[in-house]
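# Summary of the model geometry
Residues per chain, in single letters:
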Amino acid sequence: MTEAITAAVGGQERAGAPTKPSPAVSIVVPCFNGGHFLDGLMASLARQTFRDFEIVIVDDGSGDPQTLRKLLALDGQATVIRQMNRGPAAARNAGIRRAKAELVFALDCDDTIEPDFLAETVPLLRASPPDVGMAFTDLRLTGAETGLVSRYFNRFDLLFTNTLSSGLVMRRDAWLAAGGYDEAMRSGYEDWDFSLRLARAGYRGLRVAKPLYVYHIADDAAPSRSTEIDTKRLYGGLWRHIRERHAESYTMAAMMRLWKASRDGSGRVPLWKGLAACALARVLPDAAFNVLIARLHRRPRADAARMPAGLSVFGTAAHNSN
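I will try to describe carefully the structure that is included in this document.

The rules behind these values
- Residues numbered from 1 in each chain as written.
- Predicted model: local features only at pLDDT ≥ 70, side-chain atom pairs only at ≥ 80, totals over all residues.
- Heavy atoms only, no water.
- Salt bridge = Lys/Arg side-chain N within 4 Å of Asp/Glu carboxyl O.
- Helix = DSSP H or I, 4+ residues; strand = E, 2+ residues; numbered from the N terminus.
- Buried < 20%, exposed > 50% of the residue type's maximum accessible area, 1.4 Å probe, protein only.
- Lys, Arg positive; Asp, Glu negative; His and termini not counted.
- Polar contact = N/O pair within 3.5 Å; in protein donor to acceptor, adjacent residues only side chain to side chain.
- Pairing = 2+ DSSP bridges.
- Core = buried A, V, L, I, M, F, W, Y, C linked by side-chain atoms within 4.5 Å.
- Axes fitted to C-alpha atoms, helices over the stretch in contact; angles between N-to-C directions.
- Parallel < 35°, antiparallel > 145°, perpendicular 65-115°, else oblique.
- Left-handed = near helix turned anticlockwise from the far one by under 90°.
- Contact = heavy atoms within 4.5 Å.
- Nonpolar A, V, L, I, M, F, W, Y, C, P; charged D, E, K, R; others polar.
- Patch = residues over 30% accessible without salt bridge, like charges linked within 9 Å, V, L, I, M, F, W, Y side chains within 5 Å.
- Areas by Shrake-Rupley, 256 points an atom, 1.4 Å probe, with all protein chains shown as cover.
- Phe/Tyr/Trp six-rings, centres within 6.5 Å; stacked < 30°, edge-to-face > 60°.
- Lys NZ or Arg CZ within 6 Å of the ring centre and 35° of its normal.

### Details of the pattern of salt bridges
A full pass over the atoms with the stated rule returns twelve salt bridges. Arg 92 is the partner of Glu 190 in a salt bridge, and the nearest nitrogen-oxygen pair spans 2.9 Å. With Glu 190 in helix H6 (residues 190–200) and Arg 92 in helix H3 (residues 88–98), the pair connects residues that are 98 residues apart, well separated along the chain. By relative accessible area, which is 0% here, Glu 190 ends up buried. Asp 131 is the salt-bridge partner of Arg 204, the closest N and O atoms lying 2.6 Å from each other. Highlighted residues: Arg 204 in strand E10 (residues 204–217) and Asp 131 in the loop between helix H4 (117–126) and strand E7 (132–143), separated in sequence by 73 residues. Within the structure, one salt-bridge network assembled from shared partners comprises Arg 92, Asp 108 and Glu 190.

See the structure below:
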């Protein structure tokens, strides 16, 4: 059960106040002990050239005093919702349920966006046909790694790695049709699972080919769930869970259909490599499969578009903030 602790941009209306029109987009930010990132995040939102938005921050059970102080200081700038720690998927769902806009933008608290991010993505999605459920941009890496990473939408490739960004600007109707984020996936890859369900619900995404989403790569001193997936080698178990949840998409017939339907020039995963990856994952124990994927993860994340086709299979593009 969530509880609003401040009402600000997009917050509760005061008694007797005139009803404000809904914003064009609601920015939903899950936050778990991420107070040291909040100044940078809020500064990047203050620099947006597109101004018709609200900010909804979901405090996912933070216990860090700095984070709690920072959240309390946001009165007048954001709506802050408090809940027990339930993970980033539950936090995103809670924020989207509270959001007022028909478009929502999922932004992790350790990431930021360039000043033109909303100006490029929101009008694009609003002007697109209903089957376009989300808009996204390329990434600029910061933190433990730097560089640029291109993102793209391809239904076949999406079976093997999250080709989208975690920072999706999406229609609320698309979120509903996909069933929201899977709150049981607390160990990671819930954004990849959500991307698959958006695609299964019939939605496609449009790319803005500019690195406007600034994706933070944590270092060993302050590890994130993404780095824990790497260090604990959880890939095999997490991908097995995704395959089980989307079993109808991972049959040989379904993969062949998706590959044939997705041959529009956007794909980077060769058919043979995708099928081989599935076969290996099915016959190898998770521990052995994790060793194989760990070797692929030694390659830098940046400049993925320049890599030979297929080397991004099972890349760590699925970004996890908690």
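### Looking at the side chain of Asp 60
Tracing the backbone through its elements, the reader meets Asp 60 in strand E3 (residues 53–60). Buried within the structure, Asp 60 lacks any salt-bridge partner; its nearest side chain of opposite charge belongs to Arg 186, at an N-O separation of 5.3 Å. A polar side-chain atom of Asp 60 sits 2.9 Å from the main-chain amide nitrogen of Gly 87.

### Describing unusual backbone geometry
With phi around 55°, Asn 33 is a residue other than glycine that occupies positive phi space. Its location among the elements puts Asn 33 in the loop between strand E2 (25–31) and helix H1 (35–46). The class for Asn 33 is partly exposed, based on a relative accessible area of 27%. Notably, Tyr 189 is not glycine yet its phi reads approximately 65°, a positive angle. Looking at where Tyr 189 falls in the secondary structure, it is placed in the loop between helix H5 (172–178) and H6.

### Some thoughts on the pairing of strand E5 (residues 103–106)
Consecutive side chains of a regular strand alternate in pointing toward one face of the sheet and then the other. By the alternation rule, side chains of E5 split into Leu 103 and Phe 105 and Val 104 and Ala 106, which are all buried. Relative to E5, E2 runs parallel, the two being bridged by four bridges. Within E5, the position partnered with Ile 27 by the bridge is Phe 105. As paired elements, E5 and strand E9 (residues 169–171) share three bridges and run antiparallel to each other. Note on E9: the bridge partner recorded for Phe 105 is Val 169.

### Let's talk about the nonpolar core
Core analysis: the biggest nonpolar cluster contains 41 residues, and Met 170 and Trp 239 have the highest contact counts within it. Among the secondary structure elements, those contributing two or more residues to this core are H3, E5, E7, H5, H6, helix H8 (235–245), helix H10 (271–283) and helix H11 (286–296). Examining the composition of this core, we find that five residues originate from one element, H6, more than from any other. By size, the runner-up hydrophobic cluster in this structure holds 37 residues, among which are Ala 24, Val 80, Val 132 and Tyr 215.

### Brief notes about the packing of H6 against H8
Viewed as axis vectors pointing N to C, H6 and H8 meet at an angle of 20°, and their least axial separation amounts to 11 Å. It follows that H6 is roughly parallel to H8 by the angle criterion. At the point where H6 passes H8, the crossing takes the right-handed sense. Contacts between H6 and H8 pair Trp 192, Asp 193, Leu 196 and Arg 200 from the former with Trp 239, Ile 242 and Arg 245 from the latter. In the contact of H6 with H8, the residues fall into four nonpolar, no polar and three charged.

### Some details on the side chain of Ser 165
Among the secondary structure elements, Ser 165 is positioned in the loop between strand E8 (147–149) and E9. Polar contacts involving the side chain of Ser 165 include one to the main-chain amide nitrogen of Gly 167, which spans 2.9 Å. Ignoring any residue separated from it by four or fewer positions in sequence, one finds Ser 165 in contact with Phe 136, Thr 137, Leu 139, Arg 151 and Tyr 213.

### Overview of a nonpolar patch on the surface
A grouping of Leu 280, Val 283 and Leu 292 is seen on the molecular surface, where their side chains present a nonpolar patch of about 250 Å² in accessible area. Along the chain, the position of Leu 280 falls in helix H10. Under the relative-accessibility criterion, Leu 280 is labelled partly exposed at 35%.

### Topic: H3
Taking burial as the measure, the eleven residues of H3 include nine buried ones, the bulk of the element. Among the residues of H3, Pro 88, Ala 89, Ala 90, Ala 91, Arg 92, Asn 93, Ala 94, Gly 95 and Ile 96 are the ones counted as buried.

### Topic: the packing of aromatic side chains
Per the counting criterion, the structure on display carries nine aromatic pairs. Measuring from centroid to centroid gives 5.4 Å for Tyr 189 and Trp 192, while their planes differ by 75°, and the two rings are edge-to-face. The structure contains a cluster of three or more aromatic residues connected by ring pairs, namely Phe 156, Phe 160, Trp 239, Tyr 250 and Phe 289. Over the ring of Tyr 181 we find Arg 92; its NZ or CZ atom is 5.0 Å from the centre of that ring. In this structure, Arg 243 packs its charged tip against the face of Trp 239, placed 4.4 Å from the ring centre.

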